[in-house]
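Spelled out, the chains give:
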Amino acid sequence: GCGKCADICPEGAVVLEEITRGAGLSWIEPGLCTGCGNCISDCPTGAISLPEAGQKYFEKVINAFLE
């Protein structure tokens, strides 16, 4: 729960919630996540795993290129 992922997310898809003893809990809202991968690359502990994120991003890039 450091919050770096929430700060870097361009879509505001990372939700942070304060829980007991000052620790934080975070999760990703699937409906808002575009799969850009910013949260993964910016996480200092490697706590985030989105196997589909890379695929979504590259599909968008390829489709934009083909258009």
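Residues numbered from 1 in each chain as written. Predicted model: local features only at pLDDT ≥ 70, side-chain atom pairs only at ≥ 80, totals over all residues. Heavy atoms only, no water.

A. Quick peek at the environment of C5. Inspection of the secondary structure puts C5 in helix α1 (residues 4-8). For C5, a relative accessible area of 10% puts it in the buried group. Considered as a pair, C5 and W27 are 22 residues apart in the sequence and their alpha carbons are 9.7 Å apart. Residue contacts for C5: discarding those within four places in its chain leaves V14, S26, C39 and I48. (Helix = DSSP H or I, 4+ residues; strand = E, 2+ residues; numbered from the N terminus. Buried < 20%, exposed > 50% of the residue type's maximum accessible area, 1.4 Å probe, protein only. Contact = heavy atoms within 4.5 Å.)

B. Examining a nonpolar patch on the surface more closely. Side chains of F58, I62, F65 and L66 sit close together on the surface and give an oily, nonpolar patch of about 520 Å² of accessible area. Turning to its location among the elements, F65 is positioned in helix α3 (residues 51-66). Of the residues examined, F65 reaches a relative accessible area of 72% and is grouped as exposed. (Patch = residues over 30% accessible without salt bridge, like charges linked within 9 Å, V, L, I, M, F, W, Y side chains within 5 Å. Areas by Shrake-Rupley, 256 points an atom, 1.4 Å probe, with all protein chains shown as cover. Salt bridge = Lys/Arg side-chain N within 4 Å of Asp/Glu carboxyl O.)

C. Main features of the confidence of the model for the protein. Looking at the protein as a whole, its pLDDT mean stands at 78, while 76% of the residues score no less than 70. Mean pLDDT values for the elements of the protein range from 72 in α3 up to 87 in α1. (pLDDT = per-residue confidence, 0-100.)

D. Seen up close, the environment of C9. Its place among the elements puts C9 in the loop between α1 and β1 (14-18). Overall, the relative accessible area of 17% leaves C9 in the buried class. C9 sits 30 residues away from C39 along the chain, and the two C-alpha atoms are 6.3 Å apart.

E. Seen up close, the nonpolar core. The biggest cluster of nonpolar side chains holds seven residues, and these are C5, C9, A13, V14, C39, C43 and I48. For I48, the residues in contact, after removing those within four places along its chain, are C5, I28, C39, I40 and C43. (Core = buried A, V, L, I, M, F, W, Y, C linked by side-chain atoms within 4.5 Å.)

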